[in-house]
Structures are given as C-alpha cells and as structure tokens.
Amino acid sequence: MSNLRNIVILTGAGTSAESGLATFRGPDGLWEGHRVEDVATPQAFARDPALVHNFYDARRARLAEVEPNAAHTALARLDAEWPGALLIVTQNVDDLHERAGAKRLLHMHGELASGWCLRCNERFGWAGPMGNGGACPACQTVGMVRPDIVWFGEMPYEMERIDQAIVRADLFVSIGTSGAVYPAAGFVQTARYHGARTLEINLEPSQGSLFFDERRYGPASVEVPKWVEEVLAGSPNV
C-alpha cells in the first residue's frame, strides 16, 4: 500500500492476554469470576460499591505483576518510528501500552490507574487500593472517588477524536478484539466506508471478520511484530 500515511489501530483484550491479564469475558460469560452486571455498570456501583471497589482494586494490583509483551513493544516501536499520523485506540484499561513506550494512545474505556471524583468531576492518577475511603486529591472529599472506567451504559471517551482519525485513516487495524462490543466493533465499517484498507490480527476470527480486507491469525506477540516490520520496511502488501 504505497500511499499509506495515516494509521488507526484498535487493540483489545487479546493484546494483553499473553502478558497474563484475563480477557474481558470468559467462555462462561464471567469476568474474573463475576457477572459483568455486578462489577461493570453504574447500577452495580450504586448497589454495592464495596464489591466494585474490591474488584478493581484487585485488577489494579495485578498490573504490578505483569509486563508488556512483544505486541505492545512492536506497537510502541511503530508509534516512535512512523512518520505519518498514527493513533492507537485501546479498549484495554491496563497500562501496558504506556509501559512499552507508546505515546500516540487513547484509552476509550478508561484506565485502572486513574480515579474520578463524582463530587468535583476531576480525574487523576491513582495507584493502590481505592475502596470506599478514597479521598479526592483535588477537593479532599472522601468516599466519592470511583474507578475511571467506562462501564456498560456509559459513553466511551473521546469518540469525536476517534471518529475523526478513522475518517482520515488509510489503514485501520484491529488487534486482539472480539468484534462484539460497540461502538468499537463498528469502527471497521466506518473505516471501509471512508476508503481505508482494513486488517484484522487476532487469535481467531472475530465476529466482524468479514469486514476486513485482510486477516492474520495467531498470537499477537508473533503476528504484530511481523506486521510492524513490514510496515516500517514499506512493504507494498501492507
């Protein structure tokens, strides 16, 4: 693709799975042993904030035990070396892209290492447990801090910026996603409509695999570095 200039990359749970982080929802429909409705909705937080805090405190603690894998490292390299426009949009709430060195990055579903004060509406970095006793560093209010995570029923972050990038993209790449969660699952169709080439890199076909011009299946830690090498080498087949 000799006219390749602008790239948008969507990453999902499959990108971090090889680092040891569980994918969002297992074959039994549970996320780390919990129903999504019990830990990932505003209603769940209102009903049982202690359960929700305990769940995300455990997920946050788990980040200290894992490292970026070769897929994260390869995307960080592409970010550093690609001369055109590039945006990595991740559905993941972990910090592995950042720790690998990625800069042109957007967390559309929020971040585990971030808190949101419901009293003053400030967002801020957060390490360690949050719990019901967490105090907002901005307004000092106790008990009004929640995980800065986009839950079911809430609007993902920076959708306008994402849409603008996809409209301008020459290439849209989806890595490690199920193709089941909207609005991200619809990005490929938007990209195709506006003339972008589309590529899926996944362990297996996603629910939207038919919308991609090219599909590469295998572990992200293997397939992503190979693809990045081709892009940076200027391969006409990319």
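Reading the values: rules and limits
- Residues numbered from 1 in each chain as written.
- Predicted model: local features only at pLDDT ≥ 70, side-chain atom pairs only at ≥ 80, totals over all residues.
- Heavy atoms only, no water.
- Salt bridge = Lys/Arg side-chain N within 4 Å of Asp/Glu carboxyl O.
- Helix = DSSP H or I, 4+ residues; strand = E, 2+ residues; numbered from the N terminus.
- Buried < 20%, exposed > 50% of the residue type's maximum accessible area, 1.4 Å probe, protein only.
- Domains from an automatic or database assignment.
- Contact = heavy atoms within 4.5 Å.
- Buried area = accessible area lost by both parts, 1.4 Å probe.
- Polar contact = N/O pair within 3.5 Å; in protein donor to acceptor, adjacent residues only side chain to side chain.

Trainee: Help me understand the pattern of salt bridges, please; the structure alone is not making it clear to me.
Mentor: Pairing between side chains of opposite charge can happen when the charged atoms of each approach one another. Here the structure, examined in full by the defined rule, presents 17 salt bridges. Note that K226 is salt-bridged to E223, the shortest N-O span being 3.4 Å. Of this pair, K226 and E223 both sit in helix 9 (residues 220–232), 3 residues apart, which is roughly one turn of the helix. On the accessibility criterion, K226 (43% relative accessible area) is partly exposed.

Trainee: Just checking my understanding: could you explain the domain arrangement of the protein chain for this structure?
Mentor: The extent of an interface is frequently quoted as the accessible surface area lost upon association of the parts. Here the protein chain is described as being made up of domain 1 (1–21 + 68–109 + 156–238) and domain 2 (26–65 + 113–149). Using only C-alpha atoms to locate each centre, domain 1 and domain 2 end up separated by 27 Å. Listed per partner, the contact involves 8 residues of domain 1 and 6 residues of domain 2. Both sides of the domain 1 and domain 2 interface together cover about 650 Å² of buried area, and 52% of this is carbon and sulfur. Taken together, domain 1 and domain 2 are joined by 0 salt bridges. Summed over the shared surface of domain 1 and domain 2, the result is 4 residue pairs in polar contact (both at pLDDT 80 or more).

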